[in-house]
Amino acid sequence: MKPIIGVLPLVDEKLESYWMLPGYFKGIESAGGIPIMLPLNNDEDCISQMLEICSGFLLTGGHDISPSLYGEEPINDSVVCCFDRDATETILFKQAVEADKPILGICRGIQFINAVLGGTLYQDIPTQYPTTVEHHQSPPYDIPIHSVEILEDSPLYDLLKIKTMKVNSYHHQAVRTLAPPLKEAAVSEDGLIEAVYMPQKRFVWGVQWHPEFSFEKDENSRKIFECFLHHCL
Ligand SMILES: [Mn+2]
């Protein structure tokens, strides 16, 4: 049996729609899983049933994390949140961590994991962390745009066995102070935390780049999906 992976939907308010980038699904499928898109639902009992159905969870990219999750107000109009996602993901994440289910957070996902566990974020990199490194590239998104250093004592290094890698980058928020239960796994060339993990758990990883855009071309991106799915077996 292939593991079923619950994938959080992206939200389009204008179209009043949930939506999905095929790369999230295809990345999971290519690594041997069956992705299903979850509803945004705040009922604890419903979410615990989702936990029974799913062997792991993928926290996708999308809206900004509400600064209220880490005790701040939005600093400017660039911060656009989705309270429905924050609410569902908060309950789901807590239950999934409690049950030690594997969780992979991508882009918004790493930011959410950090915020919900007690860390803070740069709300807007251009305002709060001026840098010459491009973190918000234009399409195509499968082209690497900056490098990250991979920390040698991290499970990401155990997986990839390389000290630096080139990654794509499409984010305007980033981890600021790291949540106490997390450890760094990769840092960008200008010093932003771009991958984290939770050492107490089987597999709770976040990456700031986008393996869902690059897994077809890039072996390292593929390996991240494969490692996630391996832990979901
Ligand atoms: Mn970046």
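The preceding data block contains the structure.
All values reported here derive from a predicted model rather than from experimental measurement. (Residues numbered from 1 in each chain as written. Predicted model: local features only at pLDDT ≥ 70, side-chain atom pairs only at ≥ 80, totals over all residues.)

Draft legend 1. Spatial organisation of unusual backbone geometry. Cis rather than trans, the peptide bond between Pro139 and Pro140 has omega equal to 0°. Topologically, Pro140 is positioned in the loop between helix H5 (125-128) and strand E8 (146-150). In this structure, Glu16 takes a positive phi of about 50° despite not being glycine. Examined against the element boundaries, Glu16 turns out to sit in the loop between strand E2 (10-12) and strand E3 (17-19). Unlike most non-glycine residues, Cys107 shows phi in positive territory, near 55°. (Helix = DSSP H or I, 4+ residues; strand = E, 2+ residues; numbered from the N terminus.)

Draft legend 2. Representation of the packing of helix H2 (residues 44-53) against helix H3 (residues 83-98) within the structure. H3 packs onto H2 with a crossing angle of 50° between their chain directions and a minimal axis gap of 10 Å. The orientation of H2 with respect to H3, classified from their angle, is oblique. Here H2 and H3 pass one another in a crossing that is right-handed. Every residue of H3 that contacts H2 at Glu44, Ile47, Ser48, Met50 and Leu51 is listed here: Ile91, Leu92, Gln95 and Ala96. Residues belonging to the contact of H2 with H3 are distributed by class as follows: six nonpolar, two polar and one charged. (Axes fitted to C-alpha atoms, helices over the stretch in contact; angles between N-to-C directions. Parallel < 35°, antiparallel > 145°, perpendicular 65-115°, else oblique. Left-handed = near helix turned anticlockwise from the far one by under 90°. Contact = placed C-beta atoms within 7 Å. Nonpolar A, V, L, I, M, F, W, Y, C, P; charged D, E, K, R; others polar.)

Draft legend 3. Quick peek at the nonpolar core. Residues Phe57, Leu58, Leu59, Val196 and Phe228 are the most contacted members of the largest nonpolar core, which totals 53 residues. Ranked by the residues each element gives to this core, the list is headed by helix H8 (residues 219-232), at six residues. (Core = buried A, V, L, I, M, F, W, Y, C linked by C-beta atoms within 7 Å. Buried ≥ 20, exposed ≤ 12 C-beta atoms within 10 Å, placed from the backbone.)

Draft legend 4. Representation of H8 within the structure. With 14 residues, H8 should cover 20 Å at 1.5 Å per step; its first-to-last C-alpha distance of 20 Å lies within 8% of that length. Within H8, burial applies to Ser221, Ile224, Phe225, Cys227, Phe228, Leu229, His231 and Cys232. (Expected span 1.5 Å × (residues − 1).)

Draft legend 5. Quick peek at the environment of Ser221. For Ser221, the location among the structural elements is in helix H8. Considering only alpha carbons, one finds Ser221 and Ile106, 115 residues apart in sequence, at a separation of 11 Å. Aside from chain neighbours lying at most four places away, what touches Ser221 is Pro211, Ser214 and Phe215.

Draft legend 6. Focus on the pairing of strand E13 (residues 204-207). Neither face of E13 is left uncovered, since the one carrying Val204 and Gly206 and the one carrying Trp205 and Val207 both have all their residues buried. Summarising the sheet, strand E6 (residues 103-106) and E13 pair through four bridges and their orientation is parallel. Within the sheet, the bridge partner assigned to Ile106 lies in E13 and is Val207. In this sheet, E13 lies alongside strand E12 (residues 193-197) in antiparallel orientation, the contact comprising three bridges. (Pairing = 2+ DSSP bridges.)

Draft legend 7. Just the environment of Gln200, in detail. Tracing the backbone through its elements, the reader meets Gln200 in the loop between E12 and E13. According to the C-beta neighbour criterion, Gln200 is exposed, with 10 such atoms within 10 Å. Taking the C-alpha atoms as reference points, Gln200 and Ile5, separated by 195 residues in sequence, lie 21 Å from one another.

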